[in-house]
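Each chain is listed here by its residues.
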Amino acid sequence: MCYNETMPHEPQISSDDSSALQGKKLPRRRFLKGLAGVAVLAAIGKGVDLLLPMTICRPGEWNGPVTDHFDGMYFYNPEHANRHKTNKASSIFGWFFRKRIKGEYPIVQANTHRPQLAPEVNGADWEVTMVNHSTMLVRVGGLNILTDPVWSDCTSPVQWAGPKRTRPVGIAWEELPRIDVCLISHDHYDHFDAATLKKLYARDNPLFIVPLGLKSLLQYHTDAAPRCEEKDWWDTVQLSPSVSCTLTPALHWSRRYRSAASGNRSLWCGFFMQVKGGPSVYFAGDTAAGTIFDTIRRRLGAPTLALLPIGAYRPDWIRTHHTNPADAVQVFRQLQAQQAIACHFGTWQLADEGYQETLGDLATALREAGIPPHLFPAPDNGQTLRGTA
């Protein structure tokens, strides 16, 4: 007997149904690809986060006994400079990336002043040439002393990003005289410039004076063991038979990478140089206003000359660790210095105030304090000033 065997019925999928299934799979594939992309970016970010603090953003480090400004791991300010509170809206990250109203910082192609260096500076005389920002060539007691040297174009771990130079250095590198001593106040990029320090070490091998925790960072970036005195506040180093240098307190902080764990692992300071029978020169580094300057005067005396920062102060909360021109004038009066010279302004715009705004605020503060402008000038890059104790 013959019969027809029929196969089980298989449903037929129409072209419309096939398109619908493909449409459902497409968002899922996109989601998975997106998730994979996020995971890759997160892994890269984590790798960068681990790599940078060990290389170009490496912090200094100090291990030592607990003191009144070191808790065994981190340094801190015994005098809290928190009169100008920060909040969420004015955090450093939020401030940097939000829309801001910034004053003008004109770009200058050539400086109007050229350094006028004396053949030598001895006895009661002092000479200071503004290089840029907080980099100043101080000449006293037969020594050439350089503060916080920066010859790079950007104050950043890399030269393709970060605050850019708006005017040339006041002394070309090739014209810089041999440096005997280099003072480094702290680790921020506008004060500790790795490229410049490496060049300076290779060229002159000066004596480096640094606060606690910066010797290891200096050795890392010079790839050598430069002559270096690493000291705490109130420690004194003999620069020559007639010139001494004492590290002084400052109200500031240290950090070369964004993570809190890498911050305040090295100290910050100012420097008080004393020539036996001659002038005394105080370089404040970076600092906020406070009573520490009364203490410095009481312990070390009134300086002949004070090099004081006046820039990077707007918005107001930045004064937690910086001085505006009015603060600097108050510091000048607290120190009872014979003369002051302004620094930490003019080359990199690190806050919202403009260049002329800074100069105008200094002029106003001096006028209100009854101080003649010639006792507290704000020099141009390349300008040389001199005096006698």
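Rules and cut-offs
- Residues numbered from 1 in each chain as written.
- Predicted model: local features only at pLDDT ≥ 70, side-chain atom pairs only at ≥ 80, totals over all residues.
- Heavy atoms only, no water.
- Helix = DSSP H or I, 4+ residues; strand = E, 2+ residues; numbered from the N terminus.
- Buried < 20%, exposed > 50% of the residue type's maximum accessible area, 1.4 Å probe, protein only.
- Contact = heavy atoms within 4.5 Å.
- Areas by Shrake-Rupley, 256 points an atom, 1.4 Å probe, with all protein chains shown as cover.
- Salt bridge = Lys/Arg side-chain N within 4 Å of Asp/Glu carboxyl O.
- Patch = residues over 30% accessible without salt bridge, like charges linked within 9 Å, V, L, I, M, F, W, Y side chains within 5 Å.
- Core = buried A, V, L, I, M, F, W, Y, C linked by side-chain atoms within 4.5 Å.
- Pairing = 2+ DSSP bridges.
- Axes fitted to C-alpha atoms, helices over the stretch in contact; angles between N-to-C directions.

(A) Looking closely at the overall build of the protein chain. Along the protein chain, the regular secondary structure elements total seven helices and 13 strands. For the protein chain, buried positions account for 49% of its 389 residues. Counted over contacts in the protein chain with a minimum sequence separation of 6, partners at least 24 positions apart contribute 71%. When the accessible surface of the protein chain is split by element, carbon and sulfur atoms take 56% of a total near 19,200 Å².

(B) Structural view of the pattern of salt bridges. In this structure the tally under the stated criterion is 12 salt bridges. With a shortest N-O distance of 2.7 Å, Arg-203 and Asp-204 are connected by a salt bridge. For Asp-204, a relative accessible area of 5% gives the class buried. With its nearest N and O atoms 3.7 Å apart, the salt bridge here joins Glu-229 to Lys-231.

(C) Quick peek at a nonpolar patch on the surface. Taken together, Phe-31, Leu-32 and Leu-35 make up a surface patch of nonpolar side chains, about 320 Å² in accessible area. Here Leu-35 shows up in helix α1 (residues 15-51). When its relative accessible area of 48% is taken as the criterion, Leu-35 is described as partly exposed.

(D) The environment of Asp-361, seen in detail. With respect to the secondary-structure elements, Asp-361 resides in helix α7 (residues 355-369). Placed 51 residues apart in sequence, Asp-361 and Ile-310 show a C-alpha to C-alpha distance of 9.3 Å. Setting aside residues no more than four positions away along its own chain, Asp-361 makes contact with Tyr-313 and Pro-325.

(E) The nonpolar core, seen in detail. Formed by 63 residues in total, the largest nonpolar core has its most connected members in Leu-239, Leu-308 and Phe-376. Once residues lying within four places of it in the same chain are set aside, the contact partners of Leu-308 are Tyr-282, Ala-284, Ala-328, Val-331, Phe-332, Leu-335, Ala-340, Ile-341, Ala-342, Cys-343 and Phe-376. Leu-146, Ile-179, Leu-197 and Phe-208 belong to the second-largest nonpolar core, a separate cluster that totals 20 residues.

(F) Quick look at the sheet that holds strand β10 (residues 280-283). Reading across the sheet, the six strands line up as β7-β8-β9-β10-β11-β12 and stay open at both edges, with mixed pairing between neighbours. At either end of the open sheet lies a strand with only one pairing partner, and these are β7 (236-240) and β12 (339-343). Across this sheet, the average inter-strand angle for adjacent strands is 20°, counted without regard to direction. Sheet analysis places strand β9 (residues 270-275) next to β10, joined by four bridges and oriented antiparallel. Within β10, the position partnered with Phe-271 by the bridge is Phe-283. On top of the sheet, helix α5 (residues 292-300) reaches β8 (243-248), β9 and β10; it is set at about 150° to β8, its chief contact. Helix α6 (residues 325-335) contacts β10, β11 (305-309) and β12 of the sheet and is inclined by roughly 155° relative to β11.

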